[in-house]
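# Summary of structural features
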Amino acid sequence: MVTCCGLVTVKNEPVPLKSIAVEVSVQGHVATVSSTLQYENQEQSPLEAIFVFPLPGEAAVCRFSAKIGQTEVVAEVQEKQKAQQQYDDALSSGQQAFLLEESDESPDVFKLSVGSLPPGEKASVSLDYVTELAVQADDGLRLCLAAVLNPRYQPQGSDSGSGGSAQVSSVPAGSVPYSLSLSAHVSSPHPISRVESNCPLDPLNYLNTEKTQATVSLAAGHQFDRDVELLLYYQDTHQPTAIVEAAQASAKPGSLMGDPVVMLSLYPEFPKDVMSSMTSHGEFLFVVDRSGSMECPMHLGSGSQDRISSARETLLLLLKSLPMGCYFNIIGFGSSYESFFPKSVEYSQKTMDEALQKVKEMRADLGGTEILQPLKHIYSQPCLPDQPRQLFLFTDGEVENTKEVLDLVKTNAGSHRCFSFGIGEGASTALISGVAKQARGHAQFITGQDRMQPKAMQSLRFALQPAVVDISVKWNVPKEVSVTPLSPPIRVLFQGHRALLYAQLTGERLGDTEGSVTVKYSLAKQPVENQLSFSLKPAEDTGMTVHRLGARTLIQSLEVEEREQDGGKEGVKEKVIELSVQSGVSSAFTAFIAVHKGDGEALQGQLLRRHVPTPMLDLRGCSLTDWDFSSSVLERDMKLSELDDRADQLMCSASEFVVGTKSMSAKKKAEGSLASRVKGFFSKQLGFFSKQGACEVLECDEDCDEEDFDSPAPTSKPMRDPLLQLISLQKASGSWVLEAALAEVLVKTEEEVSKPKPAQVDQEVWATVLALVWLYGFKMEAQEDWQFLAMKAVSWIQAQKVASVSECVQAGNTLLGCQVQKDTLGL
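Here is a short report on the structure shown in this document. (Residues numbered from 1 in each chain as written. Predicted model: local features only at pLDDT ≥ 70, side-chain atom pairs only at ≥ 80, totals over all residues. Heavy atoms only, no water.)

Glancing now at the environment of A524. Within the secondary structure, A524 is located in the loop between β30 (514-523) and β31 (526-535). As a C-alpha pair, A524 and V468 span 56 residues in sequence and 7.6 Å in three-dimensional space. (Helix = DSSP H or I, 4+ residues; strand = E, 2+ residues; numbered from the N terminus.)

Here you go:
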């Protein structure tokens, strides 16, 4: 579910947004994002407004200022309760105040309270944060400007319910009454190859002949009705780099801000002989979100596949790609959870077929998003001997108890690795990145036109890599220089996967010396060593980006330590507050507070509470079951009148689909289908509302079909993809059978496929060779999808000890019109 946010009144009425200006400064693998949002109060009375927005989970908010009229106030960091009290006191005394605080439940949600905004006044909100750029499967560096910069327009007359936050989904571009200007300055040690986006960009403008600096801007007139994603591509991305940032001139030497800080980007290279043999063991647990929002399309636009269908195709690929000898299970979750098998089963043809049949029947029908309970169930199951547990988590949602989930994962981190996938623009970065980080795995985000399958297969490749153990980091610096690590110890390494390290450097005359860092570890019982040398000379004019990211890294580690001790360990919380105030970086225990001491009159009446945002339904992009209700949102004793309001909202939104229908028969059919699905929503999603009650709420005909009421929402049937057809035909062993279905994929008759088979070759071997030739001859652009099932096929053929493989490949090429070499197939 896309969580969209903005500046709203305490009555949830929008403060119209006029324009958004964003400046991005990228330095290699990190970015500073500065945004200014212009609002205007067109009401007749002063307002207390609330600005709710998400940020990347690893981002560090480092500056906030607010300007009302001609008065600008820059906020300072204080202990959270003290800042909240100061905010309330300021408003009570007639002063204008601004409070920015991190959510108690999740570190990627922030709340800004603006009190108060006089009638007719304009408000300018400026916010700076720094963040690391995530490395994608194709080596691009990803920066996503989420709802912090795209508070979507609230259509007039709509009601988002209580909660004090603007939870509205995207609207047609022509209806968005504000625009976005975005400019980015990119600087890299390596040449910049290109910059891509899901939104139109002006041409890339290089600033030097080396192409290491460039600027790029969003095309004029862009209406910010979706997340904006920038993908940066450098030459030699996998080259390790080091940045030493000079100390803050005004800070005390010896403090974090008063000393230089180094950031290392490491890309470990594993020995080729070790990487050539993937593991054949493991317990693979696929945990799939089946909440209602998984029926939403993968992206905006016509023809987009819904998320649950994409998840089904991804599970098909994963199940076909698993190695023989492993164990697996699939767990679907929503408000409740369901396992395909009572416990993990050994991977075989029988269990794979049984699982695939259940995958075909899998629907987004389990209500809200509750991740904690299925994880507790998984962790209660004993690990299997010699089968390392690998957990794959797919979700498109956010949860209110993110920190509780992360603490649970960390407590059990020693028993498994977790590979997480955030689906769509609303997935929580704190949740997705956090579980992967705590459980020594890897996080992926699927947004815009991204396909889930190649990203899932990249994570499977990581999961099949031999586990790296006994990781140690040694800093080699002159005697007069001391190193204080700011990052937690490295707990996971993957081939081609970046590891970032931050450290504080204390000492004199750093400019004329060199240092290095050595990373040692054991891989498949072999000792491996990687080393990076770098100059200790600090770089000037870097905007303190590295210092603030280093501070944020240390703060997050201390916050986890404090939660583990349940506040019992003395000094940890105080250390976090001290570090947050010193560095000007947000934390769970501090807040930004700004007060304008004017001569205004005291506010009348009691101050309303600040609210955490809740999701809002949008039927333009999602199905009717896309309401993530949990027991905390909709209690079972909800009054009929409250349901009546929600049903009216559902049917009002649904009618938008019917209005544009041309024929009367199609219109009638659409109305009936939508009404049935709304009734099915109340009965299936809530689990306690009767047919009679639903009909009463919806004011529908008494003779409506029972079948319509009870049946789940219809799912779209995408066109049959020949690649998926071929994959579905593969056996668990890796082979294919010579059958009519295979001939159909190859666009041949059974006779045409059988006739060229070499006489001495088994039919199953011939069919498997044909499948491989077809994959390499026609589907190389999707090789990431099928690389592991092709490896299984090759291993199976080799195990058959076939003497005439070359003849088979040649005959297969002749039949299919390809020119694939035997060596290309790995044979």
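The strand order across the open sheet formed by three strands is β27-β30-β31, and the pairing between neighbours is antiparallel. Of all the strands in the sheet, the pair left with one neighbour each is β27 (468-476) and β31. Within the sheet, the average angular offset between the axes of one strand and its neighbour, ignoring direction, is 15°. Strand direction decides the pairing type here: β27 and β30, joined by seven bridges, are antiparallel. Residue pairing for β30: V468 is matched across the bridge by L523. (Pairing = 2+ DSSP bridges. Axes fitted to C-alpha atoms, helices over the stretch in contact; angles between N-to-C directions.)

With that settled, consider the sheet that holds strand β11 (residues 134-135). Taking strand neighbours across the sheet as the criterion, the four strands line up as β11-β12-β17-β14 in an open arrangement whose pairing is antiparallel. Each edge of the sheet is formed by a strand with only one pairing partner; in this case those strands are β11 and β14 (192-197).

Per the stated rule, a full pass over the model turns up 13 salt bridges. A salt bridge links R194 to E196; its shortest N-O distance comes to 2.8 Å. For R194, a relative accessible area of 38% translates into the label partly exposed. A relative accessible area of 34% places E196 in the partly exposed class. (Salt bridge = Lys/Arg side-chain N within 4 Å of Asp/Glu carboxyl O. Buried < 20%, exposed > 50% of the residue type's maximum accessible area, 1.4 Å probe, protein only.)

With that settled, consider the packing of aromatic side chains. Given two aromatic rings, one states the distance between the centres and the angle between the planes to describe the pair. Under the criterion given, the structure shown has eight aromatic pairs. Measuring from ring centre to ring centre gives 6.3 Å for W774 and F778, while their planes differ by 45°; the resulting arrangement is tilted. Separated by four residues within a single helix, W774 and F778 lie in helix α18 (residues 763-778), roughly one turn from each other. For W774, a relative accessible area of 7% gives the class buried. In textbook terms, an aromatic cluster arises when at least three aromatic residues are bridged by ring pairs, as seen for F286, F392, F394, F419 and F421. A cation over a ring is seen here: R194 above Y233, with NZ or CZ 3.7 Å from the ring centre. Just above the ring of F462 sits the side chain of R461; from NZ or CZ to the centre is 5.8 Å. (Phe/Tyr/Trp six-rings, centres within 6.5 Å; stacked < 30°, edge-to-face > 60°. Lys NZ or Arg CZ within 6 Å of the ring centre and 35° of its normal.)

The α-helix winds at 3.6 residues per turn, so residues separated by three or four positions along the chain end up facing the same way. Counting buried positions along helix α15 (residues 722-729) yields six of eight residues, so the element is predominantly enclosed. Looking only at α15, the buried set comprises L723, L724, Q725, L726, I727 and L729. Two to three positions downstream of the cap, the backbone nitrogen of L723 sits 2.9 Å from a side-chain oxygen, assigning the N-cap of α15 to D721. (Polar contact = N/O pair within 3.5 Å; in protein donor to acceptor, adjacent residues only side chain to side chain.)

Next up on the list: empty space enclosed by the protein. Gaps left between atoms show up when a probe the size of a water molecule is rolled over them. If you walk through the whole model with that rule in mind, you get four cavities of 30 Å³ or more. Reported here for the second largest cavity is a volume of approximately 60 Å³. Taken together, Q27, G28, H29, S188, P189, H190, Y234, Q239, T241, I243, M263 and S265 make up the lining of the second largest cavity. Elements that contribute at least two residues to the lining of the second largest cavity include exactly β18 (241-245) and β19 (261-266). Residues belonging to the lining of the second largest cavity are distributed by class as follows: four nonpolar, eight polar and no charged. (1 Å grid on protein atoms, 1.4 Å probe; cavity = no way out; pocket = protein on both sides within 12 Å on 5 of 7 lines; lining within 4 Å. Points joined across faces, edges and corners; volume = space filled by probe spheres on them. Nonpolar A, V, L, I, M, F, W, Y, C, P; charged D, E, K, R; others polar.)

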